[in-house]
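Coordinate inspection notes
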Amino acid sequence: MVEQGATPRVSKARKRALKAAKALTTPLLPDDYIELMNPMWTTRELRGEIIEVRPETEDASTIVIRPSAKWLGHWPGQYLRIGVEIDGRRHWRAYSLTSDPDHPDGLISVTIKHVPEGKLSPYFTRRAEVGSMVYLGGVEGEFRLPHPRPDKLLFISAGSGITPVWSMVRNLAEDGSLGDAIHIHCCRDTDDFIFGETLRELADGDGYELHEHHSTEAANHLTPAGVEELAPDWREREAFLSGPPEMLEEMKSHWEAEGDPERLHLERFQPVIGGEGTKEAGEGGSVRFRVTEVEGECDGRTPILECGENAGAKLPFGCRMGICHTCVGKLAEGKVRDLRTGEVHGDEGQMIRTCVNAPEGHVEVEL
Amino acid sequence: MTTATAKTEGTEIENPLNRLTDEQIDAIGEEFQQLHDEVFEDLGERDATYIRSIIQFHRRLAALSRIVLMASQYKPAWALGTAGLSAAKIIENMEIGHNVMHGQWDWMNDPYIHSSTWDWDTASPASAWKHSHNYVHHTFTNVVGKDKDVGYEIMRVDPAQKWYPWYVLQPFYNVLLMAFFEWGVAVHDLDFDAIKSGKKPKSQVRDELKSIGRKARRQIVKDYIAFPALSGRRGFKSTLLANFTANIARNVWSNAIIFCGHFPDQVYVFTEEEGADDRKGAWYVRQLIGAANIDGNSFFHFMSGNLSYQVEHHLYPDLPSSRYQEIAPKVKDICERYGLPYNTGPFSQQWGMVQRTIVRLAFPGGKPRRKAPPYKAPASTNGDGGNGRVEPDRAERALAAFP
């Protein structure tokens, strides 16, 4: 199965009408024909139309999108999977939502920094035109503010990692509850600061403290000591970090060694699957792939997908981190353990993502 | 490595593989693979636009024909609507359905033009067909005893198949199969051999029967109840007849194209021993000589889902059908350099051979027909000359009528 857009919410009456009309269109769906008139009228997957491309800095732009169905909201800090067709192929990437969850016109936006060697970011920042269609996947992400709001906050962001933090700060400011918050942002210079202008304005008020750490070379990057200096009470603050992996790793070690890692929240985009990153390793087990007729054994840290590949099976895969659903297979027998959460689950007939689940005992998959 | 030849009544047909050295076979494998990879690398916007416009064209044509048929009690509307619907069903089954379900468009990553989600407007459920066709037939092509598409388990189309008395009736049920081909395909996917031998568990057979039943019910309700009802009381019967006619037209046409792909005289069949040679080059050669093309113009190729490029399709079942035409000259070039045949012929010739074979082999005996000589590019520069064809001589043609 291939990754597809989220399922839009459809009224019961419309659902019933579509179901009845299927008698005439089978094996196609009424949507297949409705789509011919306007691709935004389909009820099968959520799509969106780009209605504005707004430059933020020299190399970052905000893409404003009108979803094809009512936007059901999101938490500030969460990200959205967006699909785009480039040279005949559909590609997906995750971007933090930078729009107000309750936008009056139901619009959403993401803010994207140009990465020359990337595939999607050059499309969005250089080629995307108003009127282009995009595919909208599900809203995901655990990087968001807890409820109720912690008294003391610390935000550390770098480069385009500002986007989820911006969503949080803006949301708090709108609610008038920005309160006691320290924000350290790393970027090249004053102009390179995405949303810099607005955030500087916010910092003029009480409570919200903004520090810009400018550096163009690695030697000059923000260190735990630098954090200590700008936020001496960092141990008492609920901290939200978004930036390059090296920075996250360095800060994480620091929090683990000297602070309370429970109060540290990281935006990784890429969950760490298998190996050392596994939360709770299970027993592992054996897997039988019914279609390819391959059998394999693996430990509690190895996903089913890898287990099959090691045993010589050719299996479908995509992101290999539990997002795109390309690798799904029907669980015919047994239980599996989710390597991201450690949760053991699985019912007969359930579709499971083989890239983030390890067998828990004997498992049979229809792949 | 392979020395086996198909022996029937003392006549030996030499498998061209036996003429090739191991080095040549490896080189052939490399060349065919390289051609595949070149095209696969090049897939992009142009191809995506092609399949999308064909899908759009089919949906518009189908919708329009159905609307015209609402007035089917008037003869011109009946004729126009029936012709449109027949064409729509043919395009949907052949150029779209067959090829999408082969995974030819999976590279687009479009969840709705994808082999895992597609279902076609015919009686056979997608899942069963993908197993019997994509897996069994395309892996063990023309291996007698393994490829269930050699005669579809109900016909004798090659003298290497054992004769049974009930084959005497095959010229008659062949006509029935043409008319009701979609049902034949649906049932064929069940694989009676596997059921009889107990290879297929009963629970799986039950699931498959259920899915055939479900698909059949939907197809029947649509064509023979729902749409006729939309034509009102006075148009019910004429629309029902129109839909029935369109289904028959699609069945006869797809049956003809598909039979011409593997049962004309030039095509080789293989023993299980020959089929077991798993070198890449050997597999490519088996695909090459185990299939036959049909000459025709672009419209003909389109209406046959490019299965008139059966040779290219068998070499590269995962490449978009729209690319076969441009690959053909390169395939011919490989054939010429290695002294391999390139099987092709005009529709009337290929179809005629198939029908003659079906009549002849209804009776015991029969010998393998003459095969095509190694391919030679025509002296004239304009492509598709009279190359590689078997020209049946007059005596053969005369005998054909008398089994």
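The paragraphs below set out a description of the structure included in this document. (Residues numbered from 1 in each chain as written. Chains lettered and ligands numbered in written order. Predicted model: local features only at pLDDT ≥ 70, side-chain atom pairs only at ≥ 80, totals over all residues.)

1. Some points on the overall build of chain B
Along the backbone of chain B there are 16 helices and two strands. In terms of its C-alpha atoms, chain B occupies a principal-axis envelope of roughly 70 × 55 × 50 Å. For chain B, the proportion of its 403 residues judged to be buried stands at 43%. If you take every contact in chain B between residues at least 6 apart in sequence, the share linking residues at least 24 apart comes to 71%. (Helix = DSSP H or I, 4+ residues; strand = E, 2+ residues; numbered from the N terminus. Buried ≥ 20, exposed ≤ 12 C-beta atoms within 10 Å, placed from the backbone. Contact = placed C-beta atoms within 7 Å.)

2. Examining the overall build of chain A
Scanning chain A for helices and strands turns up eight helices and 17 strands. Computed over the C-alpha atoms, the radius of gyration of chain A is 23 Å, within 12% of the 21 Å expected from 2.2 N^0.38 for a compact globule of 367 residues. The C-alpha extent of chain A, read off along each of the three principal axes, is 60 × 50 × 40 Å. Here chain A holds 367 residues, and the buried ones make up 39% of them. (Rg over C-alpha atoms; globule rule 2.2 N^0.38 Å.)

3. Some thoughts on the nonpolar core
Core analysis: the largest hydrophobic core is formed by 78 residues, its most contacted members being Val285, Leu288, Val311, Leu315 and Leu340 of chain B. Top contributing element to this core by residue count: helix α3 (residues 75–101) of chain B, with 10 residues. Ignoring sequence-local partners within four residues, the contact set of Val311 of chain B consists of Leu288, Ala291, Ala292, Asn293, Val331, Tyr342 and Asn343 of chain B. Residues Tyr79, Trp92, Leu145 and Trp166 of chain A belong to the second largest nonpolar core, which totals 59 residues. (Core = buried A, V, L, I, M, F, W, Y, C linked by C-beta atoms within 7 Å.)

4. Description of the pairing of strand β13 (residues 294–300) of chain A
Residues and elements named next belong to chain A. Sheet topology places strand β12 (residues 282–289) next to β13; six bridges connect them, and they run antiparallel. Bridge assignment links Arg288 to a residue of β13, and that residue is Glu295. Hairpin connection, β12 to β13: the antiparallel pair is bridged by four residues, and Glu293 has positive phi, about 55°. (Pairing = 2+ DSSP bridges.)

5. A word on the interface of chain A and chain B
Opposite the 14 residues of chain A that make contact, chain B presents 24 residues. Mapped onto the side of chain A that touches chain B, the elements with two or more residues apiece are α1 (12–25), α2 (30–37) and β4 (89–96) of chain A. Considering each element in turn, the side of chain A that touches chain B owes the most residues, three residues, to α2 of chain A. The class makeup of the residues in the side of chain A that touches chain B is seven nonpolar, three polar and four charged. (Nonpolar A, V, L, I, M, F, W, Y, C, P; charged D, E, K, R; others polar.)

6. Structural notes on the pairing of strand β6 (residues 133–140) of chain A
All names here are of chain A. Note that strand β1 (residues 47–57) and β6 share three bridges and pair antiparallel. Bridging from a neighbouring strand, Arg47 pairs with Tyr135 of β6. Two strands pair when backbone bridges link them, and strand β3 (residues 79–86) and β6 are joined in this way by four bridges, in the antiparallel orientation. Among the inter-strand pairings, Gly83 is bridged to a residue of β6, identified as Tyr135.

7. A look at the environment of Gly349 of chain A
All names here are of chain A. Structurally, the position occupied by Gly349 is in the loop between β15 (344–345) and β16 (351–353). Judged by the 9 C-beta atoms lying within 10 Å of it, Gly349 falls in the exposed class. When the C-alpha positions of Gly349 and Tyr208 are compared, they lie 51 Å apart, and in sequence the two are 141 residues distant.

8. Focus on the packing of helix α1 (residues 22–42) of chain B against helix α14 (residues 324–338) of chain B
Residue and element names in this part refer to chain B. The N-to-C vectors of α1 and α14 enclose an angle of 170°; their axes lie 11 Å apart at closest approach. By the criterion of interaxial angle, the relationship of α1 to α14 is roughly antiparallel. Across the interface between the two elements, Gln24, Ile28, Glu31, Phe32, Leu35 and Val39 from α1 touch Ile327, Lys330, Ile334 and Tyr338 from α14. (Axes fitted to C-alpha atoms, helices over the stretch in contact; angles between N-to-C directions. Parallel < 35°, antiparallel > 145°, perpendicular 65-115°, else oblique.)

9. Regarding the packing of α2 of chain A against helix α2 (residues 45–68) of chain B
At a closest axis distance of 11 Å, the pairing of α2 of chain A and α2 of chain B adopts a crossing angle of 105°. Considered as vectors, α2 of chain A and α2 of chain B are oriented roughly perpendicular to each other. Facing α2 of chain A, whose interface residues are Asp32, Tyr33 and Leu36 of chain A, α2 of chain B presents Gln56, Arg59, Arg60 and Ala63 of chain B. Taken together, the residues that form the contact of α2 of chain A with α2 of chain B break down as three nonpolar, one polar and three charged.

10. Notes on the sheet that holds strand β11 (residues 264–267) of chain A
All names here are of chain A. The parallel open sheet is built from five strands, whose spatial order is β9-β8-β7-β10-β11. Each edge of the open sheet carries a strand with a single partner, namely β9 (208–214) and β11. With strand direction ignored, the average angle separating the axes of adjacent strands in the sheet is 15°. Here four bridges tie strand β10 (residues 238–242) to β11, and the two strands are oriented parallel to one another. Across the sheet, the residue bridging to Phe240 is His265, located in β11.

11. Notes on the sheet that holds strand β5 (residues 108–113) of chain A
Residues and elements named next belong to chain A. One open sheet holds the six strands; their spatial order is β4-β3-β6-β1-β2-β5, and the pairing between them is antiparallel. A single partner strand is all that each edge strand has here, and the edge strands are β4 and β5. Strand-to-strand, the axes of this sheet are offset by a mean angle of 35°, without reference to chain direction. Sheet topology note: the strand β2 (residues 60–67)/β5 ladder contains six bridges and is antiparallel.

12. What about unusual backbone geometry?
Along the chain, Thr26 of chain A connects to Pro27 of chain A via a cis peptide bond; the corresponding omega equals 5°. Relative to the helices and strands, Pro27 of chain A resides in the loop between α1 and α2. The omega angle of the peptide bond from His147 of chain A to Pro148 of chain A is -5°, so this bond is cis rather than trans. With respect to the helices, strands and loops of the structure, Pro148 of chain A is situated in the loop between β6 and β7 (152–158). Of note, Asp87 of chain A is a non-glycine position whose phi angle comes to about 50°, a positive value. The topology assignment puts Asp87 of chain A in the loop between β3 and β4. A positive phi angle, close to 60°, is found at Asn306 of chain B, a residue other than glycine.

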